[in-house]
Amino acid sequence: MRTPGSTALRFLQGDAVYLSALDETIEILRRWAREGRTDCRSRSLSEELRAKGHNVHYRCPIISLLLADTCRRGNQGLEPMLSSLVILKATGRPAGQFFELAKGAPFYRTGADWSWEQERARVIARYRER
């Protein structure tokens with residue numbers, strides 16, 4: 001829904017606008033995975049979403065919700081986590097929220113035998129197969 005006098009969209013997790021942005025986020029990340037991209041930034045995601053009509057700033061908390069829900073949608077913990085593709089410019093790694101999500105249900109990605117780089121490689125392999 002547009003706010004009076006503003007071009008910014010208001011997002012409420014679970015509403016139609018949010019779900020549309022979530023669908024688009026999933027499609028963008030799947031495309032990036034098919035392309036084998038490893039340099040994906042939240043700013044790039046924000047720009048692509050904006051081009052599709054979803055005004056989501058890369059520093060806004062809604063981007064974190066979209067990335068988390070992208071991983072959760074239809075995932076019982078076995079599928080690779082799509083948001084492992086999205087890294088911060090400052091660190092070259094995903095944001096802390098990614099690692100928190102990875103530790104919890106249904107993913108339980110912990111221990112010495114797991115890294116986000118391996119998760120990212122799994123994402124790329126999964127979507128390049130299609």
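What counts as what
Residues numbered from 1 in each chain as written. Predicted model: local features only at pLDDT ≥ 70, side-chain atom pairs only at ≥ 80, totals over all residues. Heavy atoms only, no water. Helix = DSSP H or I, 4+ residues; strand = E, 2+ residues; numbered from the N terminus. Buried < 20%, exposed > 50% of the residue type's maximum accessible area, 1.4 Å probe, protein only. Contact = heavy atoms within 4.5 Å. Axes fitted to C-alpha atoms, helices over the stretch in contact; angles between N-to-C directions. Parallel < 35°, antiparallel > 145°, perpendicular 65-115°, else oblique. Left-handed = near helix turned anticlockwise from the far one by under 90°. 1 Å grid on protein atoms, 1.4 Å probe; cavity = no way out; pocket = protein on both sides within 12 Å on 5 of 7 lines; lining within 4 Å. Points joined across faces, edges and corners; volume = space filled by probe spheres on them. Nonpolar A, V, L, I, M, F, W, Y, C, P; charged D, E, K, R; others polar. Arc of directions from axis to C-beta. Core = buried A, V, L, I, M, F, W, Y, C linked by side-chain atoms within 4.5 Å. Salt bridge = Lys/Arg side-chain N within 4 Å of Asp/Glu carboxyl O.

(A) Summary view of the side chain of Thr25. Take Thr25: it is sitting in helix H1 (residues 16-34). Taking the relative accessible area as the measure of exposure, Thr25 reaches 0% and is therefore buried. Excluding residues that lie within four positions of it along the chain, Thr25 makes contacts with Leu45, Leu49, Leu66 and Thr70.

(B) Examining the packing of H1 against helix H3 (residues 61-72) more closely. The N-to-C vectors of H1 and H3 enclose an angle of 65°; their axes lie 9 Å apart at closest approach. In terms of orientation, H1 and H3 fall into the roughly perpendicular class. When the axes of H1 and H3 are compared, the crossing they make is right-handed. Note on element contacts: H3 touches H1 through Ile62, Leu65, Leu66, Leu67, Asp69 and Thr70, opposite Tyr18, Ala21, Leu22, Thr25, Ile26 and Leu29.

(C) Examining the layout of surface pockets more closely. Within this model, the largest pocket holds a volume of roughly 540 Å³. Lining the largest pocket are 24 residues, with Ser42, Tyr58, Ile63, Leu88 and Ala95 positioned closest to its centre. Top contributing element to the lining of the largest pocket by residue count: H3, with 7 residues. Taken together, the residues of the lining of the largest pocket sort by class into 15 nonpolar, 4 polar and 5 charged. The space that makes up the second largest pocket amounts to roughly 160 Å³.

(D) Expanded view of helix H4 (residues 96-103). Here H4 has its buried residues at Phe98, Phe99, Leu101 and Ala102. End-on view of H4: buried residues confined to an arc of 160°, all on one side of the axis. Residues of H4 that are buried make contact with H3 and helix H5 (116-128).

(E) Here's a closer look at the nonpolar core. With 22 residues, the main nonpolar core has Leu29, Trp32, Leu45, Leu49, Leu66 and Leu85 as its most contacted residues. Where this core is concerned, the elements lending two or more residues are H1, helix H2 (42-51), H3 and H5. The biggest single contributor to this core is H1, with 8 residues. Residues within four places of Leu66 in sequence aside, it is in contact with Tyr18, Ala21, Leu22, Thr25, Leu49 and Val56. Ala68, Cys71, Ile87 and Leu101 belong to the second-largest nonpolar core, a separate cluster that totals 11 residues.

(F) Layout of the pattern of salt bridges. A full pass over the atoms with the stated rule returns 10 salt bridges. Across the pair Glu100 and Lys103 runs a salt bridge whose closest N-O atoms are separated by 3.4 Å. Of the two residues, Glu100 and Lys103 both sit in helix H4, 3 residues apart, roughly one turn of that helix. The class for Glu100 is exposed, based on a relative accessible area of 51%. Taking relative accessible area as the criterion, Lys103 reaches 45% and is therefore assigned partly exposed. Where salt bridges share partners, they join Arg31, Glu35 and Glu48 into one cluster.

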